[in-house]
Amino acid sequence: MRLRAVHILLLLTVLASLAGCGRRGRVIPQKKMIRIYSEMFVADQWLRDHPDAQYAADTTLFYDPIFKRNGYSFADYDRSVHFYLDRPEKYMRMLNRAADRIRKEGAKVELEANRERERMEEIRHLLGLHQWMDFEEDSLRWAGPQTLWPEYVDTRDPGWKLLKYQPFK
């Protein structure tokens, strides 16, 4: 009887220690981890490019929107990292795929930026073809009002009256 009580107590102690050491959260599948890592790498680069925001960003809170957008929490991410660290080959493949994904996205962005640059060059070229005119040196201005509103003689009228052209009636 006493031996059973010791075994039960030992079993309960082992179970309690295992439950206490167990991590909360669930393991995130590889495809979702690749997406999360890709977004985290881009967020890290943004943080490096904006040093004024580095001091204000708390790393745990900084990634929270990424985890929430993908439907996970920091506890899930933490559990997943420990899970994949125990499987280094999977973890390395996952990181390489995340890097490949970032490269592909970067190539798409670069292609779009090149298209925009080409459009801007075309617009600059078309603007260069247009001759800007300085109206201070316009011949009509120097000719005076006689050029814009000429006076003419109506030869059909026997009195030969002078008529003034009035364009805005």
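See the structure shown above.
Residues numbered from 1 in each chain as written. Predicted model: local features only at pLDDT ≥ 70, side-chain atom pairs only at ≥ 80, totals over all residues. Heavy atoms only, no water.

1. Considerations on the nonpolar core
So, step 1. With 17 residues, the main nonpolar core has Met33, Ile36, Tyr37, Met40, Tyr77 and Met94 as its most contacted residues.
So, step 2. Those elements giving two or more residues to this core turn out to be helix H2 (30-49), helix H4 (59-69), helix H5 (74-85) and helix H6 (88-129).
So, step 3. At 6 residues, the largest contribution of residues to this core is made by H2. (Core = buried A, V, L, I, M, F, W, Y, C linked by side-chain atoms within 4.5 Å. Buried < 20%, exposed > 50% of the residue type's maximum accessible area, 1.4 Å probe, protein only. Helix = DSSP H or I, 4+ residues; strand = E, 2+ residues; numbered from the N terminus.)

2. Re the packing of aromatic side chains
So, step 1. For the coordinates displayed, the defined rule picks out 8 aromatic pairs.
So, step 2. Residues Tyr37 and Phe41 carry aromatic rings whose centres are separated by 6.0 Å and whose planes lie at 20° to one another, so their mutual orientation is stacked. Remark: Phe41 and Tyr37 occur in helix H2; sequence separation between them is 4 residues, near one turn of the helix.
So, step 3. Classification of Phe41 as partly exposed rests on a relative accessible area of 33%. (Phe/Tyr/Trp six-rings, centres within 6.5 Å; stacked < 30°, edge-to-face > 60°.)

3. Observations regarding H6
So, step 1. Between its first and last C-alpha, H6 extends 61 Å over 42 residues, near the 62 Å set by a 1.5 Å rise per residue.
So, step 2. All buried positions along H6 are accounted for by Tyr91, Met94 and Ala98.
So, step 3. Those residues of H6 that are buried lie in contact with H2 and H5. (Expected span 1.5 Å × (residues − 1). Contact = heavy atoms within 4.5 Å.)

4. Topic: a nonpolar patch on the surface
So, step 1. On the surface, Met120, Ile123 and Leu127 cluster together into a nonpolar patch covering about 260 Å² of accessible area.
So, step 2. Here Ile123 is to be found in helix H6.
So, step 3. The class for Ile123 is partly exposed, based on a relative accessible area of 39%. (Patch = residues over 30% accessible without salt bridge, like charges linked within 9 Å, V, L, I, M, F, W, Y side chains within 5 Å. Areas by Shrake-Rupley, 256 points an atom, 1.4 Å probe, with all protein chains shown as cover. Salt bridge = Lys/Arg side-chain N within 4 Å of Asp/Glu carboxyl O.)

5. What to know about the packing of H2 against H6
So, step 1. At their nearest, the axes of H2 and H6 sit 8 Å apart, and the two run at 55° to each other. As the angle between them shows, H2 and H6 are arranged oblique. Like other packed secondary-structure pairs, H2 and H6 cross with a definite hand, here right-handed. Between H2 and H6, the contacting residues are Gln30, Met33, Ile34, Arg35, Tyr37, Ser38 and Phe41 on the first element and Lys90, Tyr91, Met94, Leu95, Arg97, Ala98, Arg101 and Ile102 on the second.
So, step 2. Here the residues of the contact of H2 with H6 sort into 9 nonpolar, 2 polar and 4 charged. (Axes fitted to C-alpha atoms, helices over the stretch in contact; angles between N-to-C directions. Parallel < 35°, antiparallel > 145°, perpendicular 65-115°, else oblique. Left-handed = near helix turned anticlockwise from the far one by under 90°. Nonpolar A, V, L, I, M, F, W, Y, C, P; charged D, E, K, R; others polar.)

6. Things to note about the packing of H5 against H6
So, step 1. Where H5 meets H6, the axes come as close as 6 Å, and the angle between the chain directions of the two elements is 120°. The orientation of H5 relative to H6 falls into the category oblique. From H5, Val81, Tyr84 and Leu85 reach across to H6, where they touch Pro88, Lys90, Tyr91 and Met94.

7. What about the pattern of salt bridges?
So, step 1. With the rule as written, the count across this model stands at 7 salt bridges.
So, step 2. Notably, a salt bridge pairs Arg103 with Asp100, separated by 2.6 Å at the nearest N-O pair. Within this pair, Arg103 and its partner Asp100 are both found in helix H6, separated by 3 residues, close to a single helical turn.

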